[in-house]
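Now for the letters of each chain:
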Amino acid sequence: MRKRILAVLLGSAMAATSALSFAPAAFAEEATEAATEAAEAAGAAAELADLSDSDAFIAVFYYTYSDTYISSVRTALDAKWQEMGLEEGTGYQNYDSNSNQTTQNEQIDTAISMGATALVVNIVTSGSVDASQAIVDKASAAGIPVIFFNRAVESDEEEGKVLGSYDKCAFVGTDAPEAGHMQGKMIGDYVTEHFDEIDLNGDGQISYAMFMGQLGNVEAIYRTQYAVEDANAVLTEAGKPELVYFDESNTDCYQVDQDGNWSATAANNYMTTNLSQYNEENGNMIELVICNNDGMAEGAISALNDKGYNLGTDDCKTIPVFGVDATDSAKQLIADGKMTGTIKQDAEGMADAIAFLSGNVATGKDVMDGTDSYNISANVSNKIYIPYGVYTGEE
């Protein structure tokens, strides 16, 4: 059983993350580095409860198994349950909601009727108070705790409305703007340093494509906004022109996965179509690709590969591609020279926190008992943030 991390270590992560959350677009490089170092340092986890002799039966609902990052959380969380003495089918049960909120609601009803003692929910309809409150109401009526994770349960304007409505409720996730700020800073620094080689047509500006994971999703909104705003702030400060969206007819300045799945397929289809018109032969090649997650980055890279780019060899050109999550496959693409960078979303850290809270409720403690060393929201006392970190292949 791993030991609890020293409070001073996570305290550093808390301070750094707080600085990032409220910083303007051109937030300080020192804050970014501090958050990254703190996140990397926070490698130990809180001590997990031994539930082998308990009557715990934890129902875990994933918005979709097909999301690469969510799959990594599921793998990590399965390992935590087993470390705590729980076996699948008797101590815990996983559900794939397949991106359908109605399906997830029905699965929750089934789990409650089967005697679930706690619900762990990766909600499908991110940011919807109605959807999340309906789940809280189901849990409250059954008298069992509910722990939401990863996907926002309420908007910033309604923060605390759902999480404050039930004393056996909590959230484990990330501070949504932070990933966008960190990605934007990373992109701005990279483009500033490599401007001339990125500017393939020599027109003195960098044209970019942006792939958005889901409309209405808080994380997607902030990543789409701040990745460009913060990159432009860095470029402007360095005396460089701002990024220019490749398709001037698209006033949204992004292409979104219409199914809301943040998928490689969606990004691949978009990028393939884009490259048929925007290419070096026409003098208007897309020179930079920004993605809300690593899955979409993989899809964009695959389309570039088909056109002879980003093959990881010295004799081919590489279009800078940036993502979020630091999945194993993205790390390999970076190692192979096919992808430039990503923002680490700590699946292991998220699983640790979920398992710790689940252990609390399974042993009769308050859901937030013993969480002083975690990075807790200043606004909502039962919301835990897992810090992000920059990943460019050097850990």
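Here the structure is shown first, and the text comes after it.
Notes on the structure follow. Being a predicted model, the structure only gives us computed values, none of them experimental.

Conventions adopted
- Residues numbered from 1 in each chain as written.
- Predicted model: local features only at pLDDT ≥ 70, side-chain atom pairs only at ≥ 80, totals over all residues.
- Heavy atoms only, no water.
- Phe/Tyr/Trp six-rings, centres within 6.5 Å; stacked < 30°, edge-to-face > 60°.
- Helix = DSSP H or I, 4+ residues; strand = E, 2+ residues; numbered from the N terminus.
- 1 Å grid on protein atoms, 1.4 Å probe; cavity = no way out; pocket = protein on both sides within 12 Å on 5 of 7 lines; lining within 4 Å.
- Points joined across faces, edges and corners; volume = space filled by probe spheres on them.
- Nonpolar A, V, L, I, M, F, W, Y, C, P; charged D, E, K, R; others polar.
- Pairing = 2+ DSSP bridges.
- Contact = heavy atoms within 4.5 Å.
- Axes fitted to C-alpha atoms, helices over the stretch in contact; angles between N-to-C directions.

So, about the packing of aromatic side chains. All chains considered together, the criterion is met by 11 aromatic pairs. With a centroid separation of 5.8 Å and 70 degrees between ring planes, the pair formed by Tyr190 and Phe322 is classed as edge-to-face. On the criterion of sequence distance, the pair formed by Tyr190 in helix H6 (residues 176-198) and Phe322 in strand S10 (residues 321-325) is long-range, its members being 132 residues apart. A centroid spacing of 4.9 Å and a plane angle of 85 degrees characterise the contact between Phe246 and Tyr278, whose relative ring orientation is edge-to-face. Of this pair, Phe246 sits in the loop between strand S7 (244-245) and strand S8 (255-256) while Tyr278 sits in the loop between helix H8 (264-277) and strand S9 (288-291), and the two are 32 residues apart along the sequence.

In this section: empty space enclosed by the protein. Any space left empty among the atoms is revealed by the rolling of a water-sized probe across them. Applying the stated criterion to the full structure yields 3 cavities of 30 Å³ or more. What the largest cavity holds in volume is close to 140 Å³. Considering the residues around the largest cavity, the lining is formed by 15 residues, among which Asp67, Asn150, Arg223, Trp262 and Gln345 are closest to the centre. Mapped onto the lining of the largest cavity, the elements with two or more residues apiece are helix H3 (68-83) and helix H7 (218-237). Classifying every residue of the lining of the largest cavity by side-chain character gives 5 nonpolar, 5 polar and 5 charged.

Strands sit in the order S2-S1-S3-S4-S5-S13-S12 across an open sheet of 7 strands; the sheet is mixed. What marks the edges here is a single partner per strand, and that holds for strand S2 (92-96) and strand S12 (375-376). Both strand S1 (residues 58-62) and strand S3 (residues 118-121) contribute to a ladder of 4 bridges, which runs parallel. In the strand pairing of S3, Ile58 is matched with Ala118. On the sheet, helix H4 (residues 101-113) packs against S1, S2 and S3 and is oriented at approximately 175 degrees with respect to S1.

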